[in-house]
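A closer look at the structure
Each chain, written out:
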Amino acid sequence: NTRGFATFANNRFLQLVDGMDNTAPGLNFVLGNLVGMSELDVQSVEILPGASSALYGAGAFNGILFMTSKNPFDFQGISAYAKGGVTTQDAAGSNFYKDHKQKKET
């Protein structure tokens, strides 16, 4: 159970990017929620639910998210990524959203 995973400032769920904790100490929330790595750069994602604070500290009380980025020496080239789409509500009207991906490897 990873309760509170979707909240903005969940200080009981640890996020590790390439083995590094990306929590901002002064702000007390994970910066990956705001400026995380691009979907094009993610190699793997692993979720370890449940209490892991004995091994990883008090911030891992509800679980851990391990994200591993791609090695730039193995995945060379240029990438571009844009998102968009449409969300429709009776009260608020329509919001448009588009998603485009393009990757060129050399």
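Our subject in this report is the structure included herewith. (Residues numbered from 1 in each chain as written. Predicted model: local features only at pLDDT ≥ 70, side-chain atom pairs only at ≥ 80, totals over all residues. Heavy atoms only, no water.)

Our next topic: the overall build of the protein. Tallying secondary structure elements over the protein gives two helices and eight strands in all. Counted from the first residue to the last, the protein has its helices and strands arranged as β-β-β-β-α-β-α-β-β-β. Put simply, the protein has 106 residues, and 20% of those count as buried. In the protein, the share of contacts with a sequence separation of at least 24, taken over all contacts with a separation of at least 6, comes to 48%. Here the protein displays about 7,600 Å² of accessible surface, and carbon together with sulfur accounts for 55% of that area. (Helix = DSSP H or I, 4+ residues; strand = E, 2+ residues; numbered from the N terminus. Buried < 20%, exposed > 50% of the residue type's maximum accessible area, 1.4 Å probe, protein only. Contact = heavy atoms within 4.5 Å. Areas by Shrake-Rupley, 256 points an atom, 1.4 Å probe, with all protein chains shown as cover.)

Read across the sheet, four strands follow the order β2-β1-β6-β5 without closing on themselves; strand pairing throughout is mixed. The two strands at the open ends of the sheet, each matched to only one other strand, are β2 (20-21) and β5 (42-49). In the sheet, β5 pairs with strand β6 (residues 63-69) via seven bridges, with the strands oriented antiparallel. Directly across from V45, in β6, lies its bridge partner M67. (Pairing = 2+ DSSP bridges.)

Okay, the nonpolar core next. Listed in full, the five residues of the largest apolar core are L14, L16, A60, I64 and F66. Looking at this core, the elements that each hand over two or more residues are β1 (13-17) and β6. Here L16 is in contact with D21, Y56, I64, L65, F66 and M67, once residues within four sequence places are set aside. (Core = buried A, V, L, I, M, F, W, Y, C linked by side-chain atoms within 4.5 Å.)

Turning to the pairing of β6, a few remarks are in order. Note on strand geometry: in a regular strand, side chains alternate between the two faces of the sheet. Here β6 lies mainly inside the structure; five of its seven residues are buried. The pairing of β1 with β6 spans five bridges and is classified as parallel. Of the residues in β6, the one forming a bridge with Q15 is L65.

To continue, consider unusual backbone geometry. For D18, which is not glycine, the phi torsion reads 55° and is therefore positive. Here D18 shows up in the loop between β1 and β2.

Moving on, we get to the pairing of β1. Burial within β1 is extensive, with four of its five residues counted as buried. Bridging between β1 and β2 involves two bridges; their strand directions are antiparallel. Paired with V17 across the strands is M20, a residue of β2. A loop of two residues connects β1 with β2, the two strands running antiparallel in sequence, and D18 in this loop sits at a positive phi of about 55°.

Next up on the list: the environment of E46. The residue E46 is located in strand β5 in this model. For the pair E46 and I64, spaced 18 residues apart in the sequence, the C-alpha separation amounts to 8.2 Å. Excluding residues within four positions of it along the chain, E46 makes contact with I64, L65 and F66.

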